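Structural overview
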Amino acid sequence: GLYVTADHPWFYDHSLLDLAEEYEKNDGQVLLIDEIHKYPNWSTQLKNIYDGYPHLQVIFTASSALEIQKGQADLSRR
């Protein structure tokens, strides 16, 4: 698996979707994203990853469950 933290400077010029695309191209299977609530529009990006890369298992964390509920995209079926 690949572990990343969403507040890493690499994400200043790249998106979570960019990461998922590259990782999946290289036969990645499990993507662990920490501090996801610090990434702008994280829920939309996460939804797009779940929908676009169904074979990629994504595990994410945030410092608070409240931050997860504030996401804009519907992740309930993902």
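Before reading further, recall that the structure is shown in the block above.
Presented here is an overview of the structure given in this document. Within any chain, residue numbers begin from 1 and follow the written order of that chain's sequence. Local features in this predicted model are restricted to residues whose pLDDT is 70 or higher, and side-chain atom pairs enter the listing and the counts only when it is 80 or higher, whereas totals over whole chains, interfaces and linings include all residues. Derived side-chain values reflect all non-hydrogen atoms in the structure, with water molecules and hydrogen atoms excluded from consideration.

1. Overview of the side chain of Ser-15
Helix and strand assignments follow DSSP, with helices taken as H or I runs no shorter than four residues and strands as E runs no shorter than two, numbered in order from the N terminus. Structurally, Ser-15 can be placed in the loop between strand 1 (2–5) and helix 1 (16–25). A distance of 3.3 Å separates a polar atom in the side chain of Ser-15 from the backbone nitrogen of Leu-17. The contact criterion used throughout is that any non-hydrogen atoms of two residues lie within 4.5 Å. With sequence-adjacent residues up to four places away left out, Ser-15 is seen in contact with Trp-10, Tyr-39 and Gln-45. The term polar contact refers here to a pair of N or O atoms within 3.5 Å; inside protein, the definition further demands a hydrogen-donor-capable atom paired with an acceptor-capable atom, and it admits residues adjacent in sequence only when both atoms are side-chain atoms.

2. Points about the sheet that holds strand 1
Reading across the sheet, the three strands line up as 1-2-3 and stay open at both edges, with parallel pairing between neighbours. Both edges of this open sheet fall to strand 1 and strand 3 (57–60), since each of them pairs with a single strand only. With direction set aside, neighbouring strand axes in the sheet form an average angle of 20°. Bridge count for strand 2 (residues 30–34) against strand 3 is four bridges, and the pairing is parallel. Pairing between strands is defined by DSSP: at least two bridges between them are needed. What counts as an axis is a line fitted to C-alpha atoms, over the stretch in contact for a helix, and the angles between N-to-C directions run from 0 to 180 degrees.

3. Quick look at helix 1
Taken residue by residue, helix 1 has Leu-16, Leu-19, Ala-20 and Tyr-23 as its buried positions. All buried residues of helix 1 lie within an arc of 95° about the axis, which places them on one face of the element. In this fold, the buried residues of helix 1 make contact with strand 1, strand 2 and helix 2 (42–52). Its side-chain oxygen at 3.3 Å from the backbone nitrogen of Leu-17, Ser-15 defines the N-terminal cap of helix 1. Positioned one or two residues after helix 1, Asp-27 has a phi angle of 65°, which is positive. The cut-offs for exposure are 20% and 50% of the maximum accessible area for each residue type, with area from a 1.4 Å probe on protein chains only; residues under the lower value are buried, those over the upper are exposed, and the others partly exposed. The directions from the helix axis to the C-beta atoms form the arc being described.

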